[in-house]
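Here is how the chains run, residue by residue.
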There are 2 protein chains.
Amino acid sequence: MRSRIASLQNLTIKNLVKLRRRSARDRQKLMLIDGERALRLAMLNNVKIESIFFKEEAGSSDLLEETAGKKILLQPVSNDVFSKISYGGSPDHFIGLASQPEFSLQNMSQPENAIYLVAEGIEKPGNLGAILRSADAAGVTGLLLCNSRTDIYNPNVIRASRGAFFSVPIADTTSEAALIWLKDNDIHIYAASPYAELLYTKADFTGPSAIAIGAEHEGLSAPWLKEDIVKIPMKGQIDSLNVAQSASILIFEALRQRL
Amino acid sequence: MRSRIASLQNLTIKNLVKLRRRSARDRQKLMLIDGERALRLAMLNNVKIESIFFKEEAGSSDLLEETAGKKILLQPVSNDVFSKISYGGSPDHFIGLASQPEFSLQNMSQPENAIYLVAEGIEKPGNLGAILRSADAAGVTGLLLCNSRTDIYNPNVIRASRGAFFSVPIADTTSEAALIWLKDNDIHIYAASPYAELLYTKADFTGPSAIAIGAEHEGLSAPWLKEDIVKIPMKGQIDSLNVAQSASILIFEALRQRL
């Protein structure tokens, strides 16, 4: 379904600009998806895309052909309008408008030998995106995002994730609920802490496991630290690793043990 | 040595503002160091600091006491001047001015069982900083930075590294020179490539080794790919990892094998 070229006065266009703000996203339960790669991954993973806005010059792209039969409104816009709605955020000529997927713990998949990544209190969209990208590469069962201090629907999360936002199963929940859920499902919890005795390489991630990492500054909250704690060795002069680096190191060690 | 409060008209202050630009840094062979932590690490690692500029209110800090006997000029500035020279870059009340350390291959340390990280063509200061931070944590012998497309003295590199810029031995060189140097020194080279057959976990990093990773987009150049190549498994829908995540995964696997 193709519409005529839309102008900045158009109500839909004005709303797209608003949706760069969290308050508007929260109220409308909508999200923006910047760029062709992210849009493809969203479609591949059955995200409900309402519209795709594109620069006129991109009118003959493969992406647009592939939307056939999907009831997605295709809306060409002028370059001026596009730069307004992309906020410098779009890597190419496409921006999608989609319903926010629901990220409930109840819907989290539970295969036989699950491996979950738990991330508590994450503050920076870029870090959350990087964590998702590593979670996708390592093939984790899902990400339990606990007490998040960043809006998971922030377009910068999706961009930094390279689209892994759509491929990694996510539960947006609290630490309390996640701990209960993991224990109810007999998942062994390993919490990362610089104060642990056990090296992460000596932990056994081969059974159903969850690996928990804490926020950029404070680390994990007390309830997590009552579980088995593991540490990444720090051989240098700096006393901490970036939270996304820590996540990568831990989940790839789990993958190594499972290869 | 304490000076009187400096104003924005002061030539030194004007020059500090200029030093946020690469061209001025290159010409003067100077660099800026933002924040107390980075300054402490610089001093600990014998970087030649010429001056420390600080907000008047920070006049009684421990940091300033510790500079005693080091021939560092201590220069209080007004809040206005400080915000001008910090460019929003300083995490606290201190900015240092230092000579650029020399990062030559000739000075790279060569202990018996060395493990080097090689990073080629890195573009983003944030990625280079993150790589340095992981290199510090993993205790690598040194970073061989080849054909860098970012200025290593960029204050954003130092900030993202959390000061690991000062703790990790660095050689700023070309791929050609690094390859010759590594071979001359009998270092086994492993180059990361998505097209490798060998999993990185099956490579033997226990002997003198170098692990090479490529730029954000293109990966490693052809001469590196003539060496033994290893891959990180990609289990998901996204076909690449961030370069700093890849570096972390690889060098922590080397550390695991060496524990």
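In every chain, residue numbers begin from 1 and rise along the written sequence. Going through the entries in the order they are written, you letter the chains from A and number the ligands from 1. Per-residue local features of the predicted model are confined to residues with pLDDT of at least 70, and side-chain atom pairs are confined, for both listing and counting, to 80 or more; whole-chain, interface and lining totals are unaffected and use all residues.

### Overview of the domain arrangement of chain A
Residue and element names in this part refer to chain A. Going by this rule: What counts as a domain boundary in this text is fixed by an automatic or database domain assignment. In this description, a residue-residue contact is defined by the distance between C-beta atoms placed from the backbone, which must lie within 7 Å. Every helix listed is a DSSP run of H or I at least four residues long, and every strand listed is a run of E at least two residues long, numbered separately from the N terminus. For this scheme, ten residues count as nonpolar: Ala, Val, Leu, Ile, Met, Phe, Trp, Tyr, Cys and Pro. Four count as charged, namely Asp, Glu, Lys and Arg, and the remainder, Gly too, count as polar.
You can read the domains of chain A as domain 1 (11-99) and domain 2 (105-258). Between domain 1 and domain 2, the C-alpha centre-to-centre distance is 30 Å. Facing the 14 residues of domain 1 at the interface are 10 residues of domain 2. Taken together, the elements giving at least two residues each to the side of domain 1 that touches domain 2 come down to helix 2 (22-28), strand 1 (30-34) and helix 3 (36-44). Among the residues forming the side of domain 1 that touches domain 2, the class breakdown is 7 nonpolar, 2 polar and 5 charged.

### Let's talk about the sheet that holds strand 4 (residues 94-99) of chain A
Residue and element names in this part refer to chain A. Convention followed: Strand pairing is defined by DSSP finding a minimum of two bridges between the two strands. Helix axes are fitted to C-alpha atoms over the stretch in contact, other axes to C-alpha atoms as well, and angles between N-to-C directions run from 0 to 180 degrees.
If you trace the 4 strands from one edge of the open sheet to the other, you get 1-4-2-3, paired in mixed fashion. Of all strands in the sheet, those bounded by a partner on one side alone are strand 1 and strand 3 (73-77). Neighbour-to-neighbour, the strand axes of this sheet turn through a mean angle of 20°, independent of strand direction. Where helix 5 (residues 79-86) meets the sheet, it contacts strand 1, strand 2 (49-55), strand 3 and strand 4, and its direction lies at approximately 125° from that of strand 2.

### Section: the interface of chain A and chain B
The interface is formed by 30 residues belonging to chain A together with 30 residues belonging to chain B. Among the secondary structure elements, those contributing two or more residues to the side of chain A that touches chain B are helix 3, helix 6 (125-138), helix 8 (164-167) and helix 11 (243-258) of chain A. Here the side of chain A that touches chain B takes 7 residues from helix 11 of chain A, the largest share from any one element. Among the residues forming the side of chain A that touches chain B, the class breakdown is 15 nonpolar, 10 polar and 5 charged.

### Structural notes on the sheet that holds strand 3 (residues 73-77) of chain B
Residues and elements named next belong to chain B. Taken together, 4 strands build an open sheet; the order of strands is 1-4-2-3 and the sheet is mixed. Strands with a single pairing partner mark the edges of an open sheet, and in this sheet they are strand 1 (30-34) and strand 3. This sheet shows a mean twist of 20° between the axes of neighbouring strands, independent of strand direction. As defined by bridge partners, strand 2 (residues 49-55) adjoins strand 4 (residues 94-99) across 5 bridges and the pair is classed as antiparallel. Across the sheet, residue Phe53 finds its bridge partner in strand 4, namely Ile95. With respect to the sheet, helix 3 (residues 36-44) is in contact with strand 1, strand 2 and strand 4, its orientation differing from that of strand 4 by roughly 30°.

### Remarks on the environment of Glu66 of chain B
All names here are of chain B. Quick note on the threshold: We call a residue exposed when 12 or fewer other C-beta atoms sit within 10 Å of its C-beta, buried when the count reaches 20 or more, and partly exposed for counts in between; the C-beta positions come from the backbone.
Tracing the chain through its elements places Glu66 in helix 4 (residues 62-66). On the neighbour-count criterion, Glu66 (13 C-beta atoms within 10 Å) is partly exposed. On a C-alpha basis, the gap between Glu66 and Met43 in space is 9.5 Å, while along the polypeptide they are 23 residues apart.

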